[in-house]
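So you can see what is in the structure, the chains are spelled out below.
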Amino acid sequence: MGSLPFELFQPLDPDVFSKESHAVVDFIADYYRDIEQYPVRSQVEPGYLSKRLPESPPIFSEPIDTILGDIKKDIIPGLTHWQSPNFYAYFQANASTAGFLGEMLCTGFNVVGFNWIASPAATELESIVMDWMAKMMKLPSKFLFSGGQGGGGVLHGSTCEAVVCTLAAARDKILNKFGFDCITKLVVYASDQTHFTVQKASKIIGIPPCNFRSIPTSASSGYGLDADDVRQAMKVDIAQGFMPLYLCATVGTTAVGAVDPLLELGQVAREFGVWFHVDGAYAGSSAICPEFRSYFDGVELADSISMNPHKWFLTNMDCCCLWLRSPAELVDSLSTNPEILRNKATDEKEVVDYKDWQIALSRRFRAMKLWLVIRRYGVAGLMEHIRSDVGLAKHFEKLVRMDTRFEVVVPRRFSLVCFRLKPRFGATNDDDGLKTNRRLLDAVNSSGRAFMTHALIDGKFVIRFAIGTTLTEMCHVDATWKLIQDIATGLLL
Ligand SMILES: Cc1ncc(COP(=O)(O)O)c(C=O)c1O
């Protein structure tokens, strides 16, 4: 029940803002203090929340303390705790104090910098931060605004959006030349490990689903895409009257962290005149460390590159960097020029109007967040963060290899290890360990003490151990490994 409306209705009163924000910050700080007490994967049943919350909204306002109390009581049990140090599932989505503060400032200012004049600082900071990030990752200067060759970058909310936009640019470039009827002939190429975002984006931009080529990979290439296979697929398509459009290579695939050979694939893309996109959603962050930069050799052949600071770069959701060799091609595809947005700076082509680099008109001041993260931790701190996660993953891989009941199915890449119980331990021959490993994973996750997810690789059910939560330390990795071993022992008995 809401209270009677005694208080004045002042939704942005600075004093109330300060008092209630402090209450929320304290609440979140307590959440982080207590996070290890919660089951990592939520244990609720579907539909649990509607049984707890009222059917109708309150008529009168409710105090923040009451709402926070309900969050603790009703919402937290339904959270899967992505920031728990024992979260090893899916992919990293790490958070930090600077990421949170940057998000606070972004939300606090709540400006909508769709074009330069709508908030010059938002646009200009974004262009500067994109150049900073590119420099940290040692991207070729042609992707930087300051490179002076027409390149530049933009912040999107997700890789999915970035891929849709680059596909639209690639599509329009070719259709403007050959006519819009050709759309049914356009073909998109990726590997069977490529994130499904590329297939989805192809559909969204009107590529017939049967024109998406998912090229098989194998253990022999570490699940990387073979350039000759791509070349062959393109030749076959051309012989049949199709038009190769777009090739996506990944550095750090979602399931196993595989790396596609950018140089060879970029050369194939050049040979056939297709748009070459590099997806470094997760592992792109590692490029700031010299020892990982070689995975990006060949990136100079890309038309576009994307990576998510919201995965492994201490930047709270959401934040995706997209760089283009020629943003003009993106703008050609996405720009609109309605009278209500006209202004002198735009008319005189003096400025970047980021509304033409993305799907939506409205946009968040994400640059503030990324800028805070980079400034607060510095390049040295960010490198340390990546290296420490990789170190923990190496340690975990060693633990797995020391227990002869287990095998590492795909050697560690970045901070991801894929392992399983060997089939001869407890599995019937016909399921190749699938059932036992599934039971092992279910038991670990149901314990609430850790959360991991799986992948199917060459028909093998593998358990993915993805390290990257900011709070994870060696003691958590060791304790989780002991938990896995103990549960495995119980299962095998
Ligand atoms: C390699 C890769 N690409 C793309 C994505 C999708 O990212 P987003 O959720 O930002 O669209 C992911 C997410 O896991 C990923 O790992």
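Residues numbered from 1 in each chain as written. Predicted model: local features only at pLDDT ≥ 70, side-chain atom pairs only at ≥ 80, totals over all residues.

> In this structure, what is going on with the overall build of the chain? I would like to understand it.
Counting its regular elements, the chain contains 14 helices and 11 strands. Over its C-alpha trace the chain gives a radius of gyration of 24 Å, about what one expects of a compact globule, namely 23 Å for 493 residues. In terms of principal-axis extent, the alpha carbons of the chain reach across some 70 × 65 × 45 Å. Taking all 493 residues of the chain together, 44% fall into the buried category. Across the chain, contacts joining residues at least 24 apart in sequence account for 75% of those joining residues at least 6 apart. (Helix = DSSP H or I, 4+ residues; strand = E, 2+ residues; numbered from the N terminus. Rg over C-alpha atoms; globule rule 2.2 N^0.38 Å. Buried ≥ 20, exposed ≤ 12 C-beta atoms within 10 Å, placed from the backbone. Contact = placed C-beta atoms within 7 Å.)

> I would appreciate a short explanation of the packing of helix α1 (residues 14-34) against helix α2 (residues 64-75) in the present structure.
Two quantities define a packed helix pair, namely the angle between the helix axes and the distance between the axes. Following both chains from N to C, one finds α1 and α2 inclined at 20 degrees, their axes separated by 11 Å at the closest point. When the axes of α1 and α2 are compared, the pair comes out roughly parallel. α2 is crossed by α1, and the crossing has right-handed handedness. The segment α1 lies against α2, with E20, A23 and F27 engaging I64, D65 and L68. Considered class by class, the residues forming the contact of α1 with α2 number four nonpolar, no polar and two charged. (Axes fitted to C-alpha atoms, helices over the stretch in contact; angles between N-to-C directions. Parallel < 35°, antiparallel > 145°, perpendicular 65-115°, else oblique. Left-handed = near helix turned anticlockwise from the far one by under 90°. Nonpolar A, V, L, I, M, F, W, Y, C, P; charged D, E, K, R; others polar.)

> What's the story with unusual backbone geometry in this structure? I'm lost.
The phi torsion of most residues other than glycine is negative, and most of the peptide bonds are trans. Geometrically, the link from M317 to D318 is a cis peptide bond, its omega value of -5 degrees lying close to zero. Relative to the helices and strands, D318 is located in the loop between α9 (309-312) and β7 (320-324). The backbone of Y223 sits at a positive phi, close to 65 degrees, despite the residue not being glycine. Within the secondary structure, Y223 sits in the loop between β3 (212-215) and α7 (227-239). By the C-beta count within 10 Å, which is 25 here, Y223 ends up buried. Even without being a glycine, L314 presents a positive backbone phi close to 60 degrees.

> Just to check I follow, could you spell out the UniProt feature "modified residue: N6-(pyridoxal phosphate)lysine" (unreviewed entry) in the chain for this structure?
The positions that UniProt labels "modified residue: N6-(pyridoxal phosphate)lysine" (unreviewed entry) are, in the present scheme, K311. Excluding residues within four positions of it along the chain, K311 makes contact with F91, Q92, A93, A281, Y282 and S285. (UniProt positions renumbered as here; feature names shortened; annotations may be inferred.)

> Can you help me understand the sheet that holds strand β1 (residues 152-156) in this one?
Sheets are built from strands that pair by backbone hydrogen bonding, the pairs being arranged parallel or antiparallel. Taken in spatial order, the seven strands line up as β1-β7-β6-β5-β4-β2-β3 in an open sheet, and their pairing is mixed. The sheet is open, and its two edges are formed by β1 and β3, each paired on a single side. On average, adjacent strands in this sheet sit at an angle of 20 degrees to one another, irrespective of strand direction. With four bridges joining them, strand β6 (residues 304-307) and β7 adopt antiparallel strand pairing. In the sheet register, M307 faces β7, and the bridge partner there is C321. Against the sheet, helix α4 (residues 120-136) makes contact with β1 and β7, and its axis sits at roughly 105 degrees relative to β1, the strand it touches most. (Pairing = 2+ DSSP bridges.)

> Whenever I open this one, the pairing of strand β10 (residues 453-457) confuses me. Can you help?
Moving residue by residue along a regular strand, the side chains alternate between the two faces of the sheet. Bridge count between β10 and strand β11 (residues 460-466): five bridges; the pairing is antiparallel. Directly across from I457, in β11, lies its bridge partner K460. Between β10 and β11, which pair antiparallel one after the other, the connecting turn spans two residues, and D458 there sits at a positive phi close to 50 degrees.

> Just to check I follow, could you spell out the environment of S220 for this structure?
Mapped onto the elements of the fold, S220 is located in the loop between β3 and α7. When the 8 C-beta atoms within 10 Å are taken as the criterion, S220 is described as exposed. Along the sequence, S220 and V408 sit 188 residues apart, while their C-alpha atoms lie 15 Å from each other.

> How do you make sense of the pairing of β6 when you look at a structure like this?
Here β6 shows no split at all, with S304 and S306 on one side and I305 and M307 on the other all buried. Across three bridges, strand β5 (residues 275-279) lies against β6 in parallel orientation. Its bridge partner lying in β6, V278 is registered against I305.

> Please clarify how the nonpolar core should be interpreted in this entry.
With 128 residues, the main nonpolar core has L245, Y246 and L247 as its most contacted residues. Here this core gathers at least three residues from each of two domains, domain 2 (112-364) and domain 3 (378-492). Excluding anything up to four places from it in sequence, L247 contacts Y189, V230, L265, A269, V274 and F276. (Core = buried A, V, L, I, M, F, W, Y, C linked by C-beta atoms within 7 Å. Domains from an automatic or database assignment.)

> Can you help me understand the sheet that holds strand β8 (residues 406-413) in this one?
Sheet architecture is open: four strands sit in the order β8-β9-β11-β10, paired in antiparallel fashion. Only two strands of the sheet have a single neighbouring strand rather than two, namely β8 and β10. Direction aside, neighbouring strands of the sheet carry axes that sit 30 degrees apart on average.

> I keep staring at helix α14 (residues 474-492) and nothing clicks. Help me out?
Since the α-helix packs 3.6 residues into each turn, any two residues three or four apart lie on the same face. With 19 residues, α14 should cover 27 Å at 1.5 Å per step; its first-to-last C-alpha distance of 27 Å lies within 8% of that length. Residues of α14 that are buried in the fold lie against α12 (366-402), β9 (416-421) and α13 (434-447). (Expected span 1.5 Å × (residues − 1).)

> Quick question: what am I supposed to make of the domain arrangement of the chain here?
By convention, interface size is frequently given as the accessible area that disappears when the constituent parts associate. When cut into domains, the chain gives domain 1 (1-75), domain 2 (112-364) and domain 3 (378-492). Measuring from the centre of the C-alpha atoms in domain 1 to the corresponding centre in domain 2 gives 39 Å.

> Sorry if this is basic, but what is going on with α12 here?
End to end, α12 covers just 44 Å across 37 residues, shorter than the expected 54 Å (1.5 Å per residue, more than 12% under). Maximum bend of α12: about 90 degrees, positioned at G378. (Bend = angle between axes of the 7 residues up to and from the residue.)

> Explanation requested: the packing of α12 against α14 in the structure shown.
Contact pair α12 / α14: the axes reach a minimum separation of 10 Å and the direction vectors enclose 25 degrees. Comparing their axes, α14 and α12 come out roughly parallel. Considering only the axes of α12 and α14, their crossing is right-handed. Taken together, the residues of α14 that come into contact with α12 (itself represented by L392, H395, F396 and L399) are M474, V477 and W481.

> Help me understand the environment of R405, please; the structure alone is not making it clear to me.
Among the structural elements, R405 can be located in the loop between α12 and β8. Its 14 C-beta neighbours within 10 Å are what place R405 among the partly exposed residues. In this structure the C-alpha to C-alpha distance between R405 and L421, which are 16 residues apart in sequence, comes to 5.9 Å.

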